[in-house]
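# Report on the structure
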Amino acid sequence: MPARTPQQSHPASGIARVAVPSPLRRLFDYLIPANTHVQPGIRVRVPFGSRELTGIIVAIVDQSDIETSQLRPITEVLDHDELIPSHLLDLWLWAANYYQHPVGDALHSLLPAGLRKKSAASIRSHHSDPSQPEITPTDTDIPTPNSQQNEAIRAVNDSSGQFNSFLLDGVTGSGKTEVYLQCIDHILKQDKQAVMLVPEISLTPQTIERFRQRFSAAIAILHSGLTPRQRLNAWLEAASGVARIIIGTRSALFTPMAQPGLIIIDEEHDASFKQQDGFRYSARDLAVLRARHESIPVILGSATPSLESLYNANTGRYRHIQLTQRAGTASMPTFQLVDTRRQLSEAGLSSDLLLATARHLKQGGQVLIFINRRGFAPVLHCEDCGWTSECPSCDARLTVHRKPPHLCCHHCETRQPVPDHCPDCQGKSLGTGGTGTEQCESALATAFPDTPVLRLDRDATRRKGELERILKQINNGEPCILVGTQMIAKGHHLPGVTLVGVLDADNGLFSADFRGQEFMAQMLIQVAGRAGRASQPGEVLIQTSNPEHQSLQTLVHDGYHALARTLLNEREAAAMPPYGYLVIIRAEAVSMAAPQRYLTLARQVINSQIHSQQLNDIEVHGPLPAPMERRANRYRQHLILKSSSRSVLQSLLTPVCQILEGRSESRRVRWSVDVDPLDML
DNA sequence: AGCACGCCGACT
DNA sequence: GTCGGCGTGCTC
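These numbers come from a predicted model, not from an experiment. (Residues numbered from 1 in each chain as written. Chains lettered and ligands numbered in written order. Predicted model: local features only at pLDDT ≥ 70, side-chain atom pairs only at ≥ 80, totals over all residues. Heavy atoms only, no water.)

Assigned domains within chain A: domain 1 (12-115), domain 2 (147-323), domain 3 (334-377 + 434-571) and domain 4 (581-675). Here the C-alpha centroids of domain 1 and domain 3 sit 51 Å apart. (Domains from an automatic or database assignment.)

This part takes up empty space enclosed by the protein. Per the stated rule, a full pass over the model turns up 1 cavity of 30 Å³ or more. The volume enclosed by the largest cavity comes to roughly 50 Å³. Lining of the largest cavity is provided by Y98, Y581, L582, V583, R646, L649, Q650, L653, V675 and D676. Going through the elements one at a time, strand 26 (581-589) and helix 17 (646-662) are the ones with two or more residues in the lining of the largest cavity. Taken together, the residues that form the lining of the largest cavity break down as 7 nonpolar, 1 polar and 2 charged. (1 Å grid on protein atoms, 1.4 Å probe; cavity = no way out; pocket = protein on both sides within 12 Å on 5 of 7 lines; lining within 4 Å. Points joined across faces, edges and corners; volume = space filled by probe spheres on them. Helix = DSSP H or I, 4+ residues; strand = E, 2+ residues; numbered from the N terminus. Nonpolar A, V, L, I, M, F, W, Y, C, P; charged D, E, K, R; others polar.)

Taken together, the neighbourhood of DNA strand B is formed by P23, S50, R51 and R667. Of everything in DNA strand B that lies within 4 Å of the protein, sugar and phosphate atoms constitute 44%. Contacts to DNA strand B include R667, whose side-chain N or O atom sits 2.7 Å from a base oxygen. Class assignment for the residues of the surface near DNA strand B results in 1 nonpolar, 1 polar and 2 charged. (Near = heavy atom within 4 Å. Polar contact = N/O pair within 3.5 Å; in protein donor to acceptor, adjacent residues only side chain to side chain.)

All right, on to the pattern of salt bridges then. Applying the stated criterion across every chain yields a total of 32 salt bridges. One salt bridge connects R284 with D285, and the closest N-O pair in it is separated by 2.9 Å. In this structure D285 comes out as partly exposed when scored by relative accessible area, which is 26%. Connected through shared salt-bridge partners, K274, R280, R586 and D674 make up one network. (Salt bridge = Lys/Arg side-chain N within 4 Å of Asp/Glu carboxyl O. Buried < 20%, exposed > 50% of the residue type's maximum accessible area, 1.4 Å probe, protein only.)

Let us now look at the protein's contact with DNA strand C. If you check the shell around DNA strand C, you find 15 residues, and the closest are D29, P47, G49, R72 and R667. The sugar-phosphate backbone supplies 38% of the atoms of DNA strand C found within 4 Å of the protein. The contact in question runs from a base oxygen of DNA strand C to an N or O atom on the side chain of R667, over 2.6 Å. Residue R668 places a side-chain N or O atom 3.5 Å away from a phosphate oxygen belonging to DNA strand C. Elements that contribute at least two residues to the surface near DNA strand C include exactly strand 2 (28-31) and strand 3 (43-48). Among the elements that make up the surface near DNA strand C, the one with the highest residue count is strand 2 (3 residues). Taken together, the residues of the surface near DNA strand C sort by class into 7 nonpolar, 2 polar and 6 charged.

Let us now look at the UniProt feature "binding site: Zn(2+) 2" (unreviewed entry) in chain A. Per the UniProt record, "binding site: Zn(2+) 2" (unreviewed entry) is annotated on C391, C394, C409 and C412. Across 22 residues of sequence, these annotated residues stay compact in space, with a maximum C-alpha separation of 8.8 Å. With respect to the helices, strands and loops of the structure, C409 is situated in the loop between strand 19 (405-408) and strand 20 (415-416). In contact with C409, other than residues within four places in its own chain, are C391, C394, L398 and T414. (UniProt positions renumbered as here; feature names shortened; annotations may be inferred. Contact = heavy atoms within 4.5 Å.)

Read from one edge of the open sheet, 5 strands run 2-1-4-3-5, paired in antiparallel fashion. Both edges of this open sheet fall to strand 2 and strand 5 (76-77), since each of them pairs with a single strand only. Across 6 bridges, strand 3 lies against strand 4 (residues 51-61) in antiparallel orientation. What sits directly across from P47, in strand 4, is E52. (Pairing = 2+ DSSP bridges.)

With that out of the way, let us pick up unusual backbone geometry. Residue P578 is reached from P577 by a cis peptide bond, and omega for that bond is 5 degrees. Here the bond from G622 into P623 is cis, since omega is 10 degrees, no more than 30 degrees from zero. Tracing the sequence through the fold places P623 in strand 27 (residues 618-631). Positive phi is not limited to glycine here, since D191 has a value of about 60 degrees. Assignment of secondary structure puts D191 in the loop between helix 4 (176-189) and strand 7 (193-197). By relative accessible area, which is 56% here, D191 ends up exposed. Positive phi, close to 65 degrees, is recorded for Q426, a residue that is not glycine.

What follows is the structure, encoded as structure tokens:
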């Protein structure tokens, strides 16, 4: 027992159960000094080993499992009022437990950074950046909703003050946002608050502007670009009730609200609602739970709902509201599949697509080319000896970039100059394989010398303000060609676009991941949604080497929902989500053998638990190498668990994680648990 | 995760 | 002699 500074007598007035920031899956008990008022949901400073940390009280108890003489007292109370309301704290704890993440670390990560240390939780004004600029709403003419929108608005408004989940399933341009706005308006009139979650990339100034124009109520924005102080202010404004509308990405779901009234998840199918590292929670799933806890309605909105949400709508867990009418005169775009096996293509562009591009430009339209690969080409190879540009740190190939010229890995930080001869055979015949956005951009610039060609990908928009500049040029309405990655699929309003070309639809068709087809379909519909929003009808050309593929045929001829139904049938037959539940235990290490060895141990621990608890209905697969086994010089393995029962997985995992945590082998690998994984990568 | 402790090799 | 590598244990 290490020597401790002798304590004065501490007439304890109860014991506080504290979540301490550490990777340990348990709470720690502390004595509450006399004359100290504490309650669950406040921060305290506590001694922890040889350190002092900021923890969160989650309960007050009068008996500890630890002998009282072993308990140490709370050093300092940081909040005098409840910081995290009890129903919200329950959600935080539930989430840490469900996603099998160490409770102290989970709760710590949900606090805004400004509250993780000692500082007091108070709003301080910032001269350089007032969090509430004075704007009076100018948008006085509120559009009149159509009958479908009215029905949606009425359904949500009728359930204010009680829990209800709505799947707002509306085609692009059907006016989902107007439904959100009117439901928020109704909530504001009851002196309640609304929180809206949006995907990472779509929290644009335009989105925010639309809300500021519409409402005079204070709006708190929570996005990644804020300084810690701005973020803290927004958080505290929501918690205190000063802010009436909270708009933010994933983590905004955990923001306290003084008078909660409504939760909205926009683009609910979007992958960014699932955190992909550390505490791997799903903000979309937790939103429904929060709404239930707080007895308020929740709206999940999308033009391409996730199979999970469609399933929940089918089974009656969500109320399914469909918006099928497009606003104004806009009509649905027409789809056409282009067989790339039959057409010579230059830089991945088929002659059909080039001809269509010329036609639309001539008619004054804008053209959008979607290609989900940035850079010039995905590989450099030697035509003499077959050498390819492998990444030294990953099981991947280095991508060729021309602007500026370099080779780089899209999975790690590796960056190399472009060799002028083959490193293996010294030959001079180096060629590129495949097409990226840069190559597509330059090929189109050559083919259409009189038309501006704009590229929209992570590289082109790296510089701040560059995205806005490109969008502004598009919005001037002049004919142009826009080449881009995923970035262009999401949200941006591009009224001048009349033709959309999709270069590589095959990628999603043959993805190793079980959600590959779902993601592909959502992507194609989202991209197609960019076309024909204005008066001219849109045209969508999808290039594929498998035009006869059943999924593509169904999507193109019968639409997203028809494909969703067949994909759901396939999932049911395979007992995959949403008909079964998955958990992945991941392990990675610098040595090749360690992760597999570790997960073999994990599997033994699992088997003995299954045996001792007499669990059935659990499948265990692996250890298996991850789809890209080596990444950034680390070897990665997976252990996959599957069951038709969440609670069975839960009662298996809790003791398994506890046991693994205590094993010394756990220190020699990086391991994590992913409950309801989005993909196997 | 941190951090302390303790046990071995190697170097001023 | 002692500086420092990392394996092991502990945190209410």
